[in-house]
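# Observations on chain architecture
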Amino acid sequence: DAKTTQPTSMDCAEGRAANLPCNHSTISGNEYVYWYRQIHSQGPQYIIHGLKNNETNEMASLIITEDRKSSTLILPHATLRDTAVYYCIVLSSNTGKLIFGQGTTLQVKP
Amino acid sequence: DAGVIQSPRHEVTEMGQEVTLRCKPISGHNSLFWYRQTMMRGLELLIYFNNNVPIDDSGMPEDRFSAKMPNASFSTLKIQPSEPRDSAVYFCASRPGTTGNTIYFGEGSWLTVV
């Protein structure tokens, strides 16, 4: 399974865009990049996923580099409720298993 | 859609007792996952089922842990006998269709073994 590397923690000002980076240099051609977040005491929440192209939904945007070795999750207007641990995960195409790393703790500050 | 439903939400039990955690996946989903989360080890995949059949149980810590899925709408994770180091949050998750689809998580069962 491809490994991911994320910063341990990040801060963001409320109302500003939060840009969370992720490195996945060993990703295979048919493996997806998934992003989940976990707000304290809750189950992990799906945010977005992508294969090659950039993706956008009501929660966030996902920018994947052309070589697919890294990606960035963008929360366009962060709110205090976006404070959470954000996990970048490469989904194994063989097994379909989500293997979580340590994630990035995002603190949105007033 | 009710989402993945887990019970109990909280349980406190004494060391040596049997613990049974329950999960109802989202209707129509054919894959089910059990995860465990602790401060020290983060989120760990314990076992997953596809069409009620265990596919990968390599994450199950030891023989005290067992999981079953008797039908498409119900799964159990059992710990017997329980130990204090089993204290954790246990999450169940489910997914429709094939391996590329999104996995959805329940709210977890908080287990404390004293």
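Preceding block: the structure.
The sections below set out a description of the structure shown in this document. (Residues numbered from 1 in each chain as written. Chains lettered and ligands numbered in written order. Predicted model: local features only at pLDDT ≥ 70, side-chain atom pairs only at ≥ 80, totals over all residues. Heavy atoms only, no water.)

## Regarding the overall build of chain A
What counts is decided by this rule: Only DSSP runs of H or I reaching four residues or more are called helices, and only runs of E reaching two or more are called strands; each is numbered from the N terminus. Here's how the labels work: a residue is buried when its accessible area is under 20% of the maximum for its type, exposed when over 50%, partly exposed in between, all with a 1.4 Å probe on protein chains only. Between two residues, a contact is recorded if the distance between any of their heavy atoms is within 4.5 Å. Using a 1.4 Å probe, accessible areas were evaluated by the Shrake-Rupley method; residue-level cover was limited to the displayed protein chains. Positive charges come from Lys and Arg alone, negative charges from Asp and Glu alone, with His and the N- and C-terminal ends not counted. By convention, charge coordinates are those of NZ in Lys, CZ in Arg, CG in Asp, or CD in Glu.
Secondary structure assignment for chain A yields 0 helices and 9 strands. Seen through its principal axes, chain A has C-alpha atoms that stretch 40 × 30 × 25 Å. Taking all 110 residues of chain A together, the buried fraction comes to 43%. Once local pairs closer than 6 in sequence are excluded, the contacts in chain A between residues at least 24 apart make up 56%. Total accessible area on chain A stands at roughly 5600 Å², and carbon and sulfur atoms take up 47% of it. For chain A, the separation between the mean place of its 9 positive charges and that of its 9 negative charges on side chains is 4 Å.

## As for the state of the cysteines
Condition: When two cysteine sulfur atoms lie within 2.5 Å, the pair is treated as a disulfide.
Summed over all chains, the structure comprises 2 disulfides over all chains. The disulfide that involves A:Cys22 links it to A:Cys88, with 2.1 Å between the sulfurs. Sign of the S-S torsion, about -80° for the bond between A:Cys22 and A:Cys88, identifies this disulfide as left-handed. Remark: A:Cys88 occurs in strand β8 (residues 84-91) and A:Cys22 occurs in strand β2 (residues 18-23); sequence separation between them is 66 residues. Each member of the pair, A:Cys22 as well as A:Cys88, carries the same accessibility label: buried. The disulfide that involves B:Cys23 links it to B:Cys92, with 1.9 Å between the sulfurs. What sets the handedness of the B:Cys23 and B:Cys92 disulfide is the S-S torsion sign, and at about -70° it is left-handed. Within this pair, whereas B:Cys23 is found in strand β3 (residues 19-24), its partner B:Cys92 is found in strand β9 (residues 88-95), the two being separated by 69 residues in sequence. We classify B:Cys23 as buried; its relative accessible area is 2%. Take B:Cys92: its relative accessible area is 0%, and that puts it in the buried class. Counting only cysteine sulfurs, A:Cys22 is the nearest neighbor of A:Cys12, a cysteine outside any disulfide, at a range of 18 Å.

## Here we look at the pattern of salt bridges
Two side chains that carry opposite charge are able to pair once their charged atoms sit near each other. Residues and elements named next belong to chain B. For the record, the criterion: In what follows, salt bridge is the name for a side-chain nitrogen of Lys or Arg lying within 4 Å of a carboxyl oxygen of Asp or Glu.
Taken as a whole and assessed by the stated rule, the structure comprises 11 salt bridges over all chains. Taking the shortest distance from any N to any O, the salt bridge between Arg64 and Glu62 comes out at 2.8 Å. In this structure, Asp86 engages Arg64 in a salt bridge whose closest nitrogen and oxygen atoms are separated by 2.7 Å. Note that Asp86 is positioned in the loop between β8 (74-79) and β9 and Arg64 in the loop between β6 (53-56) and β7 (65-71), a separation of 22 residues in sequence. Taking relative accessible area as the criterion, Asp86 reaches 1% and is therefore assigned buried.

## A few points about the layout of surface pockets
Convention followed: The distinction between a cavity and a pocket rests on a 1 Å grid over the protein atoms alone: a 1.4 Å probe fits inside a cavity but cannot get out, while a pocket stays open yet meets protein on both sides within 12 Å along at least five of seven lines, and a residue with an atom within 4 Å of a point counts as lining. Grid points are joined across faces, edges and corners, and a volume is the space filled by probe spheres set on the points. Any residue outside Ala, Val, Leu, Ile, Met, Phe, Trp, Tyr, Cys, Pro, Asp, Glu, Lys and Arg is labelled polar, Gly included; the first ten of those are nonpolar and the last four are charged.
The calculated volume of the largest pocket comes to roughly 620 Å³. Among the elements of the structure, β8 and β9 (104-109) of chain A together with β4 (31-38), β9 and β11 (109-113) of chain B are those that each provide at least two residues to the lining of the largest pocket. Across the lining of the largest pocket, the residue classes break down as 10 nonpolar, 14 polar and no charged. In this structure, the second largest pocket encloses a volume near 170 Å³. Lining of the second largest pocket is provided by A:Gln42, A:Gly43, A:Pro44, A:Gln45, A:Tyr46, B:Ile103, B:Tyr104, B:Phe105 and B:Glu107. Contributions of two or more residues to the lining of the second largest pocket are made by β4 (45-50) of chain A together with β10 (104-105) of chain B. Here the residues of the lining of the second largest pocket are counted per class, giving 5 nonpolar, 3 polar and 1 charged.

## Overview of the environment of A:Glu55
All names here are of chain A. Of note, Glu55 is situated in strand β5 (residues 55-56). Accessibility expressed as a relative area gives 32% for Glu55, which makes it partly exposed. Note: C-alpha distance between Glu55 and Phe100 (45 residues apart in sequence) is 21 Å.

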